[in-house]
Amino acid sequence: MAENNIVVIGGSFAGHSLANALAHKLPATHRILLVEQNEFTAHLPGVVRGLVEPGWEERNLTAPTRQETVFKAGTRHRVLAPVRVLELLEGRVLLDTEFEGSTEVPFGKCIVATGSSQRSPLRPEPGATRAEYADALRLEQAGFGKATHVLVVGGGAVGVEVAGELTTHYPSVQVTIVHGRSRLLETGEQVPFGTQMAPQPDTDGVHTPYAYPFVPESVSERVDAQLRARGVEVILNDRVRFPSSEEHTGAVVNGEVDPPAWDGREGLLPGMRAVTLASGQTVHADCVFGGSGAWPNSSLVSAVDPTALVGGYVAVDPNFRILSSAPALKDVYALGDVANTGGRKTAGQAVGEARHLAMVLLSHLACEAQGRPPAAKAYAPGFLQSILVPIGEGRGGPGDGIGAGSVDLGWLGVWRAPEWLLRWFAKDYFCSQHFVARFQGEVGVKDL
Ligand SMILES: Cc1cc2nc3c(=O)[nH]c(=O)nc-3n(C[C@H](O)[C@H](O)[C@H](O)COP(=O)(O)OP(=O)(O)OC[C@H]3O[C@@H](n4cnc5c(N)ncnc54)[C@H](O)[C@@H]3O)c2cc1C
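Here is what the cut-offs are and how they apply
Residues numbered from 1 in each chain as written. Predicted model: local features only at pLDDT ≥ 70, side-chain atom pairs only at ≥ 80, totals over all residues. Heavy atoms only, no water. UniProt positions renumbered as here; feature names shortened; annotations may be inferred. Near = heavy atom within 4 Å. Polar contact = N/O pair within 3.5 Å; in protein donor to acceptor, adjacent residues only side chain to side chain. Helix = DSSP H or I, 4+ residues; strand = E, 2+ residues; numbered from the N terminus. Expected span 1.5 Å × (residues − 1). Buried < 20%, exposed > 50% of the residue type's maximum accessible area, 1.4 Å probe, protein only. Contact = heavy atoms within 4.5 Å. Phe/Tyr/Trp six-rings, centres within 6.5 Å; stacked < 30°, edge-to-face > 60°. Lys NZ or Arg CZ within 6 Å of the ring centre and 35° of its normal. Core = buried A, V, L, I, M, F, W, Y, C linked by side-chain atoms within 4.5 Å.

Per an unreviewed UniProt entry, the protein carries the name FAD/NAD(P)-binding domain-containing protein and comes from Cutaneotrichosporon oleaginosum. Database annotation for the protein, UniProt heading Sequence similarities (unreviewed entry): "Belongs to the FAD-dependent oxidoreductase family."

Glancing now at the site of the ligand. Close to the ligand lie 32 residues; S12, A14, E36, D337 and A347 are nearest. In the model, an oxygen atom of the ligand is placed 3.3 Å from a nitrogen or oxygen of the S116 main chain. K345 is positioned such that a nitrogen or oxygen atom in its backbone is 3.3 Å from an oxygen atom of the ligand. Elements with a minimum of two residues in the shell around the ligand: α1 (13–23), α2 (44–50) and α8 (347–369).

Residue pairs three or four apart in sequence face the same way in an α-helix, which turns once every 3.6 residues. If you check helix α5 (residues 157–169), its first and last C-alpha atoms are 18 Å apart, about what 13 residues at 1.5 Å a residue would give, namely 18 Å. α5 sits mainly inside the fold: 10 of its 13 residues count as buried. Residues of α5 that are buried: G159, V160, E161, V162, A163, G164, E165, L166, T167 and T168.

Another point: the side chain of E353. Tracing the sequence through the fold places E353 in helix α8. Here the side chain of E353 touches G336 through a polar contact of 2.7 Å, landing on its backbone nitrogen. Every residue in contact with E353, bar those within four places of it in the chain, is listed here: F320, L335, G336, T341, G342, K345 and Y379.

What follows is about the packing of aromatic side chains. Two descriptors summarise a pair of aromatic rings, namely the distance from one centre to the other and the angle between the planes of the rings. The tally for this structure, following the rule as stated, stands at 9 aromatic pairs. On the basis of an interplanar angle of 55° and a centroid distance of 4.9 Å, the ring pair of F320 and Y379 is categorised as tilted. With F320 in the loop between β22 (313–314) and β23 (332–334) and Y379 in the loop between α8 and β24 (387–390), this residue pair connects regions lying 59 residues apart in the sequence. When sorted by exposure, F320 lands in the same class as Y379, which is buried. Here the aromatic rings of F425 and Y429 are separated by 5.2 Å at their centres, their planes lie at 75°, and the arrangement is edge-to-face. On the basis of relative accessible area, Y429 is assigned to the buried category, the value being 0%. Three or more aromatic residues link up through ring pairs in this structure, and these residues are W420, W424, F425, Y429 and F430. The ring of F13 is capped by R438, whose NZ or CZ atom sits 4.8 Å from the centre of that ring.

Moving on, we get to the nonpolar core. Core analysis: the biggest nonpolar cluster contains 55 residues, and V93 and I322 have the highest contact counts within it. Element by element, the count of residues in this core is highest for α8, at 8 residues. In terms of nonpolar packing, the next biggest core, distinct from the first, is built from 41 residues, L137, V150, L166 and C287 among them.

Following this line, the structure appears as structure tokens:
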């Protein structure tokens, strides 16, 4: 049995969806071992409200990753959580906890779905308990609850959505967004629609660089106008300067600096502080929120073969196999936020990739059983220009916006997201639909 383990590392959107897609279709000779370092997973799209609105941490924003919540009773598949994969070895993974009498677990196939790292509580801290994560969210909520002027550093989707939540729940709080690009939501190196976004075969030893799909300008413009209408100050083409300890800014009043210079810390500050931007402009704030700063969690792969990364992402072929000749990366695949799979780095895309990889793995296993070289359909990321960016549930006043988005219907074109769709998403960020539904085990997770 041992060599027929399909080890999936990471139990969030990519890994858990892959386990669901494979659980009932794998040949009886194989079993899934879903390894997740935390005892729970979080519905990250809903975290933007969990950061702001007290009580949200108690809702279906998190769910326990356990044998009985993931798989049906009597299954041969196993959940290993909280268990961390420490190393990829040739045909084995090294765990921080013994499983079936050993910390080294052999695999026939291994899938790296380790996602991104980001400061807590934007993403749970590795090893954190569900209760500790709820406490981290409460701390953030308490900070916002006491603030009078919040500076949001970075106007990507998370920064914009948090600004929207703040203006919904704390209408009297002044919010400023500082964004380094010429329009909100524009992040990283974006490529025009139509550019080849799927991973390419590694024919010449050069991996396809990762490029973020284009966010339609109309979406940025609508969100910008709606936030400004709520009184949000939006500063574009500028950056917050993180000060060194000896730097001082601010106006000198009677020999004192007033307000004192910001020392670079995030969260609720001890009082009003002067934050200096690259342009020299200062913003006064008593709370600083950083919404950016996610990086691919690819160290398991780079520790084996640093050349298997491109721009920090794990380089994969169109069947999501890792592009490396290192023996420890043979039969190892990667998907989701950690991999250079092309397309947007979103929950929706991770789930789509999981469905595709399930089909690939079943096909590869069938080929191997028949003694044929593995073959499967190449992946093509879909719906590249779809994006939904709500700005809270809405304040209900005349002319108040709800956010913006676009729906990419392939050859039918890219359409403005209808208001009902944004309202539906903004209601609970699909926690009660997509997140709860992902847990298909013996025990449902609703309000566990
Ligand atoms: C605040 C926020 C809001 C977002 N909003 C949206 C949105 O509105 N819509 C949308 O589509 N996307 C949104 N995203 C992006 C989306 O959440 C990610 O694209 C998605 O989580 C990627 O899924 P993943 O499974 O690849 O990675 P992750 O969700 O990062 O999961 C990786 C998992 O691997 C585990 N892991 C890592 N290393 C190990 C190890 N060594 N051993 C065992 N386990 C390990 C981690 O604990 C984690 O559970 C948002 C993200 C954030 C942070």
